[in-house]
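Chain by chain, the residues:
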Amino acid sequence: MNRIFRNILLYVIEAVVVCNLLLILALNIPYVQGKVGSMAADFLSDLLQTEVSVGRVDAGMLNQIIISDVEVRDRQHQPLLSIQRLTGKGDIFMLGKNQIAFNTIPLLHFQAHLNQPAADKPTNFQFIIDALSSDTPSETQTNVRINPLLVRDGEVFFDKTYLPKKDKLDTNHLHIQDLNAHISLKSILKDSIQVRLRQLSFREASGLDLRNINLNVEANQHEALISKLNINLPHSAVVLDTL
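Cut-offs and rules
- For every chain, the first residue of its written sequence is number 1, and the numbers climb from 1 along that sequence.
- With pLDDT at 70 or above as the cut-off, local features in this predicted model cover only qualifying residues; side-chain atom pairs require 80 or more to be listed or tallied, and sums for whole chains, interfaces and linings still use all residues.
- Values reported for side chains reflect all heavy atoms of the structure, with hydrogen atoms and water molecules removed beforehand.
- Per the convention used, a helix needs a DSSP run of H or I reaching at least four residues, while a strand needs a run of E reaching at least two, with both numbered from the N terminus.
- Buried residues are those whose accessible area, probed at 1.4 Å on protein chains only, stays under 20% of the maximum for their type, while exposed residues exceed 50% and partly exposed ones sit between those limits.
- It only takes one pair of heavy atoms within 4.5 Å for two residues to be counted as in contact.
- Each residue carries a pLDDT value, the predictor's own confidence for that position, ranging from 0 to 100.
- Among the buried residues, those of types Ala, Val, Leu, Ile, Met, Phe, Trp, Tyr and Cys that are joined through side-chain atoms within 4.5 Å form a nonpolar core.
- We count a salt bridge whenever a side-chain nitrogen from Lys or Arg sits within 4 Å of a carboxyl oxygen from Asp or Glu.
- One bridge is not enough; two strands pair if DSSP finds at least two bridges between them.

**Quick word on the overall build of the chain**
Next, step 1: From N to C terminus, the chain includes three helices and 11 strands.
Next, step 2: Along its sequence from the N terminus, the chain presents helices and strands in the succession α-α-β-β-β-β-α-β-β-β-β-β-β-β.
Next, step 3: In the chain, which comprises 243 residues, the share counted as buried stands at 29%.
Next, step 4: Taking as baseline every contact in the chain between residues at least 6 positions apart, the subset at least 24 positions apart corresponds to 46%.

**Observations regarding the confidence of the model for the chain**
Next, step 1: Considering every residue of the chain, the mean pLDDT works out to 76; 68% of them sit at 70 or more.
Next, step 2: Confidence, read as mean pLDDT per element, is least for helix α1 (residues 2-26) in the chain (53) and greatest for strand β8 (residues 209-210) (90).
Next, step 3: This stretch, residues 91-100, has a pLDDT under 50; its non-local contacts, to residues over four places away or in other chains, come to 16 contacts.
Next, step 4: The low-confidence segment residues 136-143, where pLDDT is below 50, has 17 contacts with residues more than four positions distant or belonging to other chains.

**Points about the nonpolar core**
Next, step 1: Core analysis: the biggest nonpolar cluster contains 30 residues, and Phe110, Val151, Leu179, Ile183, Leu200 and Ile213 have the highest contact counts within it.
Next, step 2: By residue number, the principal contributor to this core is strand β6 (residues 173-188), which donates five residues.
Next, step 3: If near-sequence neighbours (up to four positions away) are discounted, Ile213 is found in contact with Leu197, Arg198, Gln199, Leu200, Leu229, Asn230 and Ile231.

**Notes on the pattern of salt bridges**
Next, step 1: Summed over the entire model, instances satisfying the criterion amount to two salt bridges.
Next, step 2: Measuring nitrogen to oxygen at the nearest pair gives 2.7 Å for the salt bridge that ties Asp178 to Arg203. Taken as a pair, Asp178 in strand β6 and Arg203 in strand β7 (residues 192-204) lie far apart in primary sequence, 25 residues in all.
Next, step 3: Note that Arg211 is salt-bridged to Asp209, the shortest N-O span being 2.9 Å.
Next, step 4: Residue class for Arg211 comes out partly exposed when judged on its relative accessible area of 48%.

**Some thoughts on the pairing of strand β10 (residues 224-233)**
A regular strand carries its side chains on alternate faces of the sheet.
Next, step 1: The sheet contact formed by strand β9 (residues 212-220) and β10 spans seven bridges and is antiparallel. By the bridge assignment for β10, Ala219 is matched with Ala224.
Next, step 2: Linking β9 back to β10 in an antiparallel pair, the connection comprises three residues.
Next, step 3: The pairing of β10 with strand β11 (residues 236-242) spans six bridges and is classified as antiparallel. Of the residues in β11, the one forming a bridge with Asn230 is Val239.
Next, step 4: Hairpin geometry of β10 and β11 is characterised by an intervening segment of two residues between the two adjacent antiparallel strands.

This is how it looks when you write it as structure tokens:
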């Protein structure tokens, strides 16, 4: 009996491995990569209600997906987000528990163009936040966990186009370069979020050089708690236990 059970288990394991390998081989065929990329772009376009293009999709071992050359445009058909390479490794078994869990998401070589055209107008990325917000009751909300999100070599432009620019650091007009981060998104719901920022560094065009910042954030619709704040600049540092 034990021998029969062992043989069945071995056959199942072999079948899973073979199916995984076939999927990997299929996604290494340029035609299949392009087709899957088009399907992913159509799905994201429908979700976000905007133009999205995906160059190709590759499969790695153990649920790993590699997406290359992602382009997202805003509602005015202008470039919003460009990602050279996005890799995700998810836990599909969490879906039945109203959870989506990604073990690691490296976000490599991206560029974001963010702006607000007028004081009474939303930002050009607000529609993405709205599209990803759930309107379901709290007991059936999907809990999203990403642990960790790794950002490498990012560039971000942010402009309030209706305001004049200043010659010094201007939070209304930012150009952030060499953005690197290590972020653990512990929980994301419509009404609350838990984030651990393990590392963040960047340079701003004004000359600001942020060597590192780390902190914990727990926030809901009524309050936000920031703890273990540590900021390092070239010649100074700030450490706060709770804010």
